[in-house]
Amino acid sequence: MSDANVWDIVERPDIDKRFESADKIRAKMGIYGPGGQTTADFYEISKVHTQGLMEWCFGMIWGDETLDPKIKEVAVLAAMVAQDLDREIYWHVRSGLNLGLTREEIIALIVQCTPYCGFPKVNHGLHAAMKAFADIDAEKKSKSKKKKKKKK
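The structure contained in this document is the topic of the report that follows. Bear in mind the structure is a predicted one, so any value in this text is a computation, not a measurement.

## Describing the side chain of Thr-114
Now for step 1: Mapped onto the secondary structure, Thr-114 falls in helix α8 (residues 114-117).
Now for step 2: Looking at Thr-114, its side chain comes within polar contact range of the main-chain oxygen of Val-111, at 2.7 Å.

Listed below in structure tokens is the structure:
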């Protein structure tokens, strides 16, 4: 098949549908918005990058329903460990928990990367997970204290 013919069968983008899909998955991930990650800062310097994140990454890749979001998060975490991206691991640990992974599963999947990625990268991944867990625990404790104060 030539490239000229491929355009006849490729789905035409429905931008509104992709952005709607992106918003839904980001809400399920629970790491975007107030207190979390945002694409607004990228929008200020690159509208193209922001549109790529929203439309392609979240609207198409995450929006594809072939795999459960929990399985996708496992793949993302493994890829992040392999690339030694602890800041991203931190956020995707939080997302993984919101999508149904347990802390034990997250630790096990990071450790599973050891023979393929090496101890240093796995150590960094484990530290990022520990920080995410500690921050989540601190946030829960803070919310609990605020609720107790309101009841008094």
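Once you've had a look at it, read on.
## Let's talk about a nonpolar patch on the surface
Now for step 1: Together, Trp-7, Ile-9 and Val-10 make up a nonpolar patch on the protein surface, roughly 330 Å² of accessible area in all.
Now for step 2: Structurally, Trp-7 is set in helix α1 (residues 3-9).

## Concerning a positive patch on the surface
Now for step 1: A cluster of basic side chains, namely Lys-140, Lys-141, Lys-143, Lys-145, Lys-146, Lys-147, Lys-148, Lys-149, Lys-150 and Lys-151, defines a positive patch on the protein surface.
Now for step 2: Note on placement: Lys-150 falls in helix α9 (residues 119-151).
Now for step 3: Residue class for Lys-150 comes out exposed when judged on its relative accessible area of 73%.

## With respect to the environment of Ala-128
Now for step 1: Note on placement: Ala-128 falls in helix α9.
Now for step 2: C-alpha of Ala-128 to C-alpha of Val-93: the two residues are 35 residues apart in sequence and 8.2 Å apart in space.
Now for step 3: In contact with Ala-128, not counting residues within four places along its chain, are Asp-86, Ile-89 and Tyr-90.

## Structural notes on helix α7 (residues 103-112)
Now for step 1: Those residues of α7 that fall on the buried side of the exposure criterion are Ile-106, Leu-109 and Ile-110. Relative to the axis of α7, the buried residues are bounded by an arc of 100 degrees and lie together on one face. Residues of α7 that are exposed and angled more than 90 degrees away from the buried face: Glu-104 and Gln-112.
Now for step 2: Residues of α7 that are buried make contact with α5 (69-83), α6 (86-98), α8 and α9.

## Focus: the nonpolar core
Now for step 1: Core analysis: the biggest nonpolar cluster contains 27 residues, and Met-29, Phe-58, Trp-62, Ile-89, Val-93 and Ile-110 have the highest contact counts within it.
Now for step 2: Elements with a minimum of two residues in this core: α2 (15-29), α4 (47-61), α5, α6, α7 and α9.
Now for step 3: Here this core takes five residues from α9, the largest share from any one element.

## Brief notes about the packing of aromatic side chains
Now for step 1: Here the structure, examined in full by the defined rule, presents two aromatic pairs.
Now for step 2: Aromatic side chains Tyr-90 and Trp-91 sit 5.1 Å apart centroid to centroid with 90 degrees between the ring planes, which places their arrangement in the edge-to-face category. One exposure class covers both Tyr-90 and Trp-91, and it is buried.
Now for step 3: Its end group placed over the ring of Tyr-32, Arg-26 keeps NZ or CZ at 3.9 Å from the ring centre.
Now for step 4: The ring of Phe-58 has Arg-26 sitting right over it, with the charged end atom 5.1 Å from the ring centre.

## Quick notes on the pattern of salt bridges
Now for step 1: Enumeration over the complete set of coordinates arrives at five salt bridges.
Now for step 2: Among the salt bridges present, the one from Asp-137 reaches Arg-103, with a minimum N-O distance of 2.7 Å. You can see Asp-137 sitting in helix α9 and its partner Arg-103 sitting in helix α7, a full 34 residues away along the chain.
Now for step 3: The exposure class assigned to Asp-137 is partly exposed, which follows from its relative accessible area of 38%.

## What about the side chain of Glu-73?
Now for step 1: With respect to the helices and strands, Glu-73 occurs in helix α5.
Now for step 2: The charged side chain of Glu-73 is buried without a salt bridge, its nearest counter-charge being Lys-72 at 10 Å.
Now for step 3: A distance of 2.5 Å separates the side chain of Glu-73 from the side chain of Ser-95, its partner in a polar contact.

Analysis parameters
- Residues numbered from 1 in each chain as written.
- Predicted model: local features only at pLDDT ≥ 70, side-chain atom pairs only at ≥ 80, totals over all residues.
- Heavy atoms only, no water.
- Helix = DSSP H or I, 4+ residues; strand = E, 2+ residues; numbered from the N terminus.
- Polar contact = N/O pair within 3.5 Å; in protein donor to acceptor, adjacent residues only side chain to side chain.
- Patch = residues over 30% accessible without salt bridge, like charges linked within 9 Å, V, L, I, M, F, W, Y side chains within 5 Å.
- Areas by Shrake-Rupley, 256 points an atom, 1.4 Å probe, with all protein chains shown as cover.
- Salt bridge = Lys/Arg side-chain N within 4 Å of Asp/Glu carboxyl O.
- Lys, Arg positive; Asp, Glu negative; His and termini not counted.
- Charge placed at Lys NZ, Arg CZ, Asp CG, Glu CD.
- Buried < 20%, exposed > 50% of the residue type's maximum accessible area, 1.4 Å probe, protein only.
- Contact = heavy atoms within 4.5 Å.
- Arc of directions from axis to C-beta.
- Core = buried A, V, L, I, M, F, W, Y, C linked by side-chain atoms within 4.5 Å.
- Phe/Tyr/Trp six-rings, centres within 6.5 Å; stacked < 30°, edge-to-face > 60°.
- Lys NZ or Arg CZ within 6 Å of the ring centre and 35° of its normal.

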